[in-house]
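Each chain, written out:
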Amino acid sequence: MVDLTRIMDDEVFMAFASYATIILSKMMLMSATTAFYRMTRKVFANPEDCVTFGKGENAKKYLRTDDRVERVRRAHLNDLENIVPFLGIGLLYSLSGPDLSTAILHFRLFVGARIYHTISYLTPLPQPNRGLSFFIGYGVTLSMAYRLLKNKLYL
């Protein structure tokens, strides 16, 4: 049985928990940002959401797409596609007993890359800003997976 007090005393796990909380909070903020853009621009994806602004044919004019709303939504979707693998691999990596400074470097690079990716997506900054930040975050997750497979797992 795993001793949870030992895990909670592990500095690497606590660093992972801290950075995971930061990145999950950022991802939650993207949900709120998407909702904000939908409400302020009166752009909805579902007919039942339009009822607040009109009924019948009048409501249908709010059932449309908007470039800014779609940009925020795509940034949020990109977060979902990248943060979930980081959380799974990062958890296993943090429990595998890596060096603290190496683990913190991985976690900081990932969180910084994801925050910069969002800024470059929403501003929008010219490429290769968004592409580089994506590949840095992706590379960090791959690096943790490689170290895990190479050193700790039984294949």
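Everything numeric in this text was worked out from a predicted model, so none of it was measured.

1. Describing a nonpolar patch on the surface
Judged by side-chain polarity, Ile22, Ile115, Tyr116 and Ile119 come together as a nonpolar surface patch covering roughly 330 Å² of accessible area. The greatest single-element share of the nonpolar patch, amounting to three residues, is contributed by helix H5 (residues 100-122). Along the chain, Ile119 turns up in helix H5.

2. Quick look at the packing of aromatic side chains
Tallying each qualifying case throughout the model produces nine aromatic pairs. Geometrically, the ring pair formed by Phe134 and Tyr138 is stacked, given 5.5 Å between the ring centres and 20° between the ring planes. With Phe134 and Tyr138 both in helix H6 (residues 129-151) and four residues apart, this pair spans about one turn of that helix. Using a relative accessible area of 42% as the deciding quantity, one classes Tyr138 as partly exposed. Clustering of aromatic rings is evident, with ring pairs tying together Phe16, Tyr19, Phe86, Tyr93, Phe107 and Phe110.

3. Quick word on the pattern of salt bridges
Between side chains of opposite charge, a pair can form when the charged atoms approach closely. In total, this model carries three salt bridges according to the counting rule given. One salt bridge connects Arg114 with Asp79, and the closest N-O pair in it is separated by 2.8 Å. With Arg114 in helix H5 and Asp79 in helix H4 (residues 67-95), the pair connects residues that are 35 residues apart, well separated along the chain. Accessibility expressed as a relative area gives 0% for Arg114, which makes it buried. Bridged by salt links that share partners, the residues Lys26, Asp79 and Arg114 form one connected network.

4. A word on the side chain of Lys26
Along the chain, Lys26 falls in helix H2 (residues 11-41). Sequence-distant contacts of Lys26, defined by excluding residues within four places in its chain, comprise Asp79, Arg114, Ile115 and Thr118.

5. A short note on the packing of H2 against H4
Put simply, H2 and H4 touch, their axes get as near as 10 Å, and they point 165° apart. Taken together, the axes of H2 and H4 are roughly antiparallel relative to one another. Classified by chirality, the crossing of H4 by H2 is left-handed. Residue composition of the contact of H2 with H4, grouped by class: 18 nonpolar, six polar and seven charged.

6. Some thoughts on unusual backbone geometry
The omega torsion across Thr123 and Pro124 is -25°, close enough to zero to call that bond cis. Note that Pro124 resides in the loop between H5 and H6. In this model, Gln127 is joined to Pro128 through a cis peptide bond whose omega is 15°.

7. Section: H6
Between its first and last C-alpha, H6 extends 33 Å over 23 residues, near the 33 Å set by a 1.5 Å rise per residue. Listed in full, the buried residues belonging to H6 are Ser133, Gly137, Val140, Thr141, Met144, Ala145 and Leu148. On its buried face, H6 sits against H4 and H5.

Scoring rules and cut-offs
Residues numbered from 1 in each chain as written. Predicted model: local features only at pLDDT ≥ 70, side-chain atom pairs only at ≥ 80, totals over all residues. Heavy atoms only, no water. Patch = residues over 30% accessible without salt bridge, like charges linked within 9 Å, V, L, I, M, F, W, Y side chains within 5 Å. Areas by Shrake-Rupley, 256 points an atom, 1.4 Å probe, with all protein chains shown as cover. Salt bridge = Lys/Arg side-chain N within 4 Å of Asp/Glu carboxyl O. Helix = DSSP H or I, 4+ residues; strand = E, 2+ residues; numbered from the N terminus. Phe/Tyr/Trp six-rings, centres within 6.5 Å; stacked < 30°, edge-to-face > 60°. Buried < 20%, exposed > 50% of the residue type's maximum accessible area, 1.4 Å probe, protein only. Contact = heavy atoms within 4.5 Å. Axes fitted to C-alpha atoms, helices over the stretch in contact; angles between N-to-C directions. Parallel < 35°, antiparallel > 145°, perpendicular 65-115°, else oblique. Left-handed = near helix turned anticlockwise from the far one by under 90°. Nonpolar A, V, L, I, M, F, W, Y, C, P; charged D, E, K, R; others polar. Expected span 1.5 Å × (residues − 1).

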